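Working through the structure, step by step
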Amino acid sequence: MNKKFISAFTLMLAVSLILAACGGDNGDQADTDGGEGEGLDTNIATIATGGSSGPYNIIATTLAEAYTDELGVNARTETTGASVENMNLLNRESVEMAFVMSDVLSQAVEGEQNFEDNSIDNVQQIATLYPNYVQVVTTADSGIDTLDDLEGKRVAVGDQNSGVEVNARTLLEGHGITYDDIDEDYLGYAEAADGIRTGQIDAAFLTSGLPNSSVLELAESVDLQIVTIEQERVEEIAEDKEYFVSLEIPEGTYNNDEPIETAAIMNALVVRSDLSEDDVYELTKTLFENLEQLENSHQAASDINLEDAQEGMVAPIHPGAQRYYDEQ
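Rules behind the numbers
- Along each chain, residues carry numbers from 1 onward, in the same order as the chain's sequence is written.
- Only residues with pLDDT of at least 70 get local features here, since the model is predicted, and only at 80 or more are side-chain atom pairs given and counted; chain-wide, interface and lining totals rely on the full set of residues.
- Remark: hydrogens and water are excluded; side-chain values derive from all non-hydrogen atoms of the structure.
- The helix and strand labels rest on DSSP assignments: H or I over at least four residues marks a helix, E over at least two residues marks a strand, and numbering proceeds from the N terminus.
- For a helix, the expected span equals 1.5 Å multiplied by the number of residues minus one.
- Three labels apply to residues, based on accessible area from a 1.4 Å probe with only protein chains included: buried if under 20% of the type maximum, exposed if over 50%, partly exposed otherwise in between.
- What makes two strands pair is DSSP finding at least two bridges between them.
- A crossover counts as right-handed when, viewed with the strands pointing away from the observer, the path leading from the first strand over the helix to the second turns clockwise.
- Note on definitions: a residue-residue contact is assigned when non-hydrogen atoms from the two residues lie within 4.5 Å.
- Distance and chemistry together define a polar contact, namely a pair of N or O atoms within 3.5 Å, with one atom able to donate a hydrogen and the other to accept it when in protein, and with adjacent residues in sequence counting only for side-chain atoms on both sides.
- The patch calculation keeps residues exceeding 30% relative accessible area without a salt bridge and links them within 9 Å when they carry like charges or within 5 Å when they are nonpolar (Val, Leu, Ile, Met, Phe, Trp, Tyr).
- Here the Shrake-Rupley method, with its probe set to 1.4 Å, supplies the accessible areas, and only the displayed protein chains count as covering residues.
- Each reported salt bridge corresponds to a side-chain nitrogen of Lys or Arg within 4 Å of a carboxyl oxygen of Asp or Glu.
- As used throughout, the charge tally considers Lys and Arg to be positive and Asp and Glu to be negative, leaving His and the chain termini uncounted.
- Charge positions are represented by NZ for Lys, CZ for Arg, CG for Asp and CD for Glu.
- In summary, the pairing rule links any two rings of Phe, Tyr or Trp, Trp by its six-membered ring, whose centres are within 6.5 Å, and it sorts them by plane angle into stacked for under 30 degrees, edge-to-face for over 60 and tilted for everything else.
- Scored from 0 to 100, pLDDT records how confident the predictor is in each individual residue.
- Helix axes are fitted only over the stretch in contact, all axes being lines through C-alpha atoms; the angle between N-to-C directions runs from 0 to 180 degrees.
- Each crossing gets its hand from how the near helix is turned against the far one by less than a right angle, where anticlockwise is left-handed and clockwise is right-handed.
- Under the scheme applied here, ten amino acids are nonpolar (Ala, Val, Leu, Ile, Met, Phe, Trp, Tyr, Cys and Pro), four are charged (Asp, Glu, Lys and Arg), and all others, including Gly, are polar.

1. Notes on helix α9 (residues 277-289)
Under the 1.5 Å per step criterion, the end-to-end length of α9 is 18 Å for 13 residues, consistent within 8% with the ideal 18 Å. Those residues of α9 not exposed but buried are Asp 279, Val 280, Tyr 281, Leu 283, Thr 284, Thr 286, Leu 287 and Phe 288.

Structure follows, in structure tokens:
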């Protein structure tokens, strides 16, 4: 009797172990199917961008697709008011990555201007990307040829506290103009272009990579003029604001017959500091392995390259990005 009991108990125990093993395998598979990306510690990579029609959002959407396809991570973009909002989203850990202008990034890490009461230390840089050209647009009959001519005019300066608005304010101040001297409107790209088209505003700052789709559409309906920002004035401003450089909008960008002098600010791709070194290594690697796809999505991405990616960084570089560069 005891032998029969022991045999039955042994059989039941064996069956239980088999079932438990099967259940464990199913649980592991479920975790794999619904969980983290391949080789990544995080399973989400949300990239804060800017307006839906701007280069930030267009380029980041393609980058997010590459992250999803190649790293198995749940990557997506978040349309925002751009640089200042993006830095605050990073600080609140609402996003993992962001496209920002270097002037705003500099303010954030130094605790200046928009960040005087709240410097941001949970941010590190992956790469310097491409230049954002300050495109001050108006109509040919406006009488506005330089920034000095904006006094007394109604001017769209970008979304409030956006990167566009930050550099618009800085450039105006560099020309001895404050908001007391103009009638400012806080408008994004599309709204600013509509304001020019309808005559509700006289000029607008649309700072972005080239070309800006809102400016291209505007050029089809008005006699467009891009306001010159002279190299000498930009270089004077850059003595204090080192992130400004003098560049030219190339001939033919907006049917312009010759290059147009203007100011530019480099864009940066940044990441939360708390992301692991391995994750940021993979995110950086995938960025540079998909430059052709990024350029196909927007012409501005053609200026992103490995050789210049560490030039002009204004935030500390993330160790994962540094490891990638060191291997090249």
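2. Details of the pairing of strand β1 (residues 44-48)
Of all the five residues making up β1, four are buried; the element is thus mostly covered by neighbouring parts of the structure. Where β1 meets strand β2 (residues 74-78), five bridges bridge the pair, whose relative direction is parallel. From the neighbouring strand, Ala 45 faces β2, where its bridge partner is Ala 75. Taking the sense of rotation as the criterion, the β-α-β connection linking β1, helix α2 (residues 55-71) and β2 turns out right-handed. As defined by bridge partners, β1 adjoins strand β3 (residues 97-101) across two bridges and the pair is classed as parallel. The residue bridging Ile 47 from the neighbouring strand is Met 97, located in β3.

3. Some thoughts on the environment of Thr 139
Relative to the helices and strands, Thr 139 is located in strand β4 (residues 123-139). For Thr 139, the contacting residues outside a window of four places in its chain are Ile 196, Val 222, Asp 223 and Gln 225. Within the structure, Thr 139 has its side chain in polar contact with the side chain of Asp 141 (distance 2.8 Å).

4. Describing a negative patch on the surface
Together, Glu 110, Glu 112, Glu 116 and Asp 117 make up a negatively charged patch on the protein surface. When you line up the elements, Asp 117 lands in the loop between α4 (102-110) and β4. Take Asp 117: its relative accessible area is 80%, and that puts it in the exposed class.

5. Description of the packing of aromatic side chains
Taken as a whole and judged by the stated rule, the model has seven aromatic pairs. Seen in terms of ring centroids, Tyr 56 and Phe 99 are 5.6 Å apart; in terms of plane orientation they differ by 50°. Their pairing is tilted. Of this pair, Tyr 56 sits in helix α2 while Phe 99 sits in strand β3; the two residues are 43 residues apart in sequence, bridging distant segments of the chain. The same class applies to Tyr 56 and to Phe 99, which are both buried.

6. Focus: the side chain of Thr 80
In this fold, Thr 80 is placed in the loop between β2 and α3 (83-91). Separated by 2.6 Å, the side chains of Thr 80 and Asn 86 make a polar contact. Those residues within four positions of Thr 80 in sequence are excluded, and the remaining contacts are Ala 48, Thr 49, Gly 50, Gly 51, Glu 85, Asn 86 and Leu 89.

7. So, the confidence of the model for the protein
Of all residues in the protein, 88% have pLDDT values of 70 or greater, and the mean over the chain is 89. Segment residues 2-37: pLDDT under 50, and nine contacts once partners within four positions in sequence are set aside and those in other chains are kept.

8. Focus: the packing of α2 against α9
Direction vectors running N to C along α2 and α9 enclose 115°, while the axes themselves pass 10 Å from each other. When the axes of α2 and α9 are compared, the crossing they make is right-handed. Residue-level contacts link Leu 63, Ala 66, Tyr 67, Glu 70 and Leu 71 of α2 to Glu 282, Leu 283, Thr 286, Leu 287 and Glu 289 of α9. Along the lines of polarity and charge, the residues of the contact of α2 with α9 split into six nonpolar, one polar and three charged.

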